[in-house]
Amino acid sequence: MTAGIPLEHGLLIAAGLFVIGLIGVLVRRSLLFQLLSIEIMLNAAGMAFVIAGARWGEADGQVLFIFILVMAAAEVAVGLALLLRLSNRFRDLNGDSMSSMRG
Amino acid sequence: MAVIFYLSSVIALLAAAMAISRRNAFHALLYVVVSLLAVAVIFFSIGAAFAGALEIIVYAGAIIVLFIFVVMMLNLGPKTTGRADGFLTPSMWFGPALLALTLLVELSLILVRDAGVGTAATAIGPKEVALSLFGPYAIGVELASFLLLAALVGAARLGSGTRLTGGDR
């Protein structure tokens, strides 16, 4: 990578961001915070792609980052629409209060 | 460049950790914006300027704004009155503002000292990315457009019946 930054450091930072997002999904019970943590995780995955692409000097990493960006935008649009529906129905955003759904 | 890279990484991790530990949704969103901007500065510092610009435009500019819209619709901010009075206390904006100011200084350093972004040793500019995206990856672009269309239809369908009840929650 450029200017003497080892590839491992970049990937470790991306992994750290991913783990922070994962912890957010696991410990927060609010659905909004869980969606936000998923965004952090997707961002970390895209960052790993860009860093690996910079390491090899290829544009493929940034191309895959664009695809991840598209997927994150689609996911957040559908997820937030579902969130609005659920908050109308259950009056709060706690994931545990939705454990009694019947098909 | 290495100093900028590591400082931005620390800011990104710190802001993400702060974001998932806030009670207030607005505070968390501010920290997430700072985390995304820090990742964009990382991209600038390793020569991926196009990815950095997209990170700011799409992630911080579009996705987080969508989150802010939903938080304001649901009135999830401070549980008290929902007024704007409590939003701008110094304790709320000081942390994100400090981190964002550090990022601004870093970006100014990149621009002044290294004569612009994308001039790193192995910089990959928009031209290479576009040639790759619309050359070998053209089928991926088509599939991404399918995905966006499906998300558009799904979000429109799911959101159409939503009754907005603001203020009483």
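Scroll up to find the structure this text is about.
Below: a short report on this structure. This is a predicted model, so every value here is computed, not measured. (Residues numbered from 1 in each chain as written. Chains lettered and ligands numbered in written order. Predicted model: local features only at pLDDT ≥ 70, side-chain atom pairs only at ≥ 80, totals over all residues. Heavy atoms only, no water.)

All names here are of chain A. A cluster of nonpolar residues, F18, V19, L22, I23, L26 and V27, forms a patch on the protein surface that exposes about 520 Å² of accessible area. With respect to the element layout, F18 can be found in helix α1 (residues 7-27). The class of F18 is partly exposed, set by a relative accessible area of 34%. (Patch = residues over 30% accessible without salt bridge, like charges linked within 9 Å, V, L, I, M, F, W, Y side chains within 5 Å. Areas by Shrake-Rupley, 256 points an atom, 1.4 Å probe, with all protein chains shown as cover. Salt bridge = Lys/Arg side-chain N within 4 Å of Asp/Glu carboxyl O. Helix = DSSP H or I, 4+ residues; strand = E, 2+ residues; numbered from the N terminus. Buried < 20%, exposed > 50% of the residue type's maximum accessible area, 1.4 Å probe, protein only.)

Let's shift gears to the interface of chain A and chain B. Often, the extent of an interface is quoted as the loss of accessible area on bringing the components together. Contacts between the two partners involve 56 residues from chain A, matched on the other side by 66 residues from chain B. When chain A packs against chain B, close to 5,200 Å² is buried across both sides, 78% of that on carbon and sulfur atoms. Put simply, chain A and chain B have eight residue pairs in polar contact (both at pLDDT 80 or more) between them. Mapped by element, the contributors of at least two residues to the side of chain A that touches chain B are α1, α2 (31-56) and α3 (60-90) of chain A. Here the side of chain A that touches chain B takes 23 residues from α3 of chain A, the largest share from any one element. Here the side of chain A that touches chain B is composed, by residue class, of 38 nonpolar, twelve polar and six charged. (Contact = heavy atoms within 4.5 Å. Buried area = accessible area lost by both parts, 1.4 Å probe. Polar contact = N/O pair within 3.5 Å; in protein donor to acceptor, adjacent residues only side chain to side chain. Nonpolar A, V, L, I, M, F, W, Y, C, P; charged D, E, K, R; others polar.)

The topology assignment puts R28 of chain A in the loop between α1 and α2. Among the polar contacts listed, one links the side chain of R28 of chain A to the backbone oxygen of I20 of chain B, at a separation of 2.9 Å. A distance of 2.7 Å separates the side chain of R28 of chain A from the backbone oxygen of R22 of chain B, its partner in a polar contact. Residues within four places of R28 of chain A in sequence aside, it is in contact with I23, F33 and Q34 of chain A together with I20, S21, R22 and R23 of chain B.

Along helix α5 (residues 126-133) of chain B, the positions that sit buried rather than exposed are V129, S132 and L133 of chain B. Looking straight down α5 of chain B, one finds its buried side chains confined to an arc of 100°; they lie on one side. The exposed set on the far side of α5 of chain B, more than 90 degrees from its buried face, consists of K127 and L131 of chain B. Looking at the buried residues of α5 of chain B, the elements they touch are α3 of chain A together with α3 (49-74) and α6 (138-160) of chain B. (Arc of directions from axis to C-beta.)

Right, let's talk about the nonpolar core for a bit. By size, the foremost hydrophobic cluster in this structure holds 75 residues, and its most contacted members are L32, M47, L80 and L83 of chain A together with F43 and F67 of chain B. Mapped by element, the contributors of at least two residues to this core are α1, α2 and α3 of chain A together with α1 (2-19), α2 (25-45), α3, α4 (90-113) and α5 of chain B. Top contributing element to this core by residue count: α2 of chain B, with 14 residues. (Core = buried A, V, L, I, M, F, W, Y, C linked by side-chain atoms within 4.5 Å.)

It is worth spelling out the packing of α1 of chain A against α1 of chain B at this point. When two helices pack together, their arrangement is captured by the angle between the axes and the distance separating the axes. Viewed as axis vectors pointing N to C, α1 of chain A and α1 of chain B meet at an angle of 10°, and their least axial separation amounts to 9 Å. Between α1 of chain A and α1 of chain B, the angle is such that the two are roughly parallel. In contact with H9, G10, I13, G16, L17 and I20 of chain A of α1 of chain A, α1 of chain B contributes F5, Y6, S9, A12, L13, A16 and A17 of chain B. Class assignment of the residues belonging to the contact of α1 of chain A with α1 of chain B gives a composition of nine nonpolar, four polar and no charged. (Axes fitted to C-alpha atoms, helices over the stretch in contact; angles between N-to-C directions. Parallel < 35°, antiparallel > 145°, perpendicular 65-115°, else oblique.)

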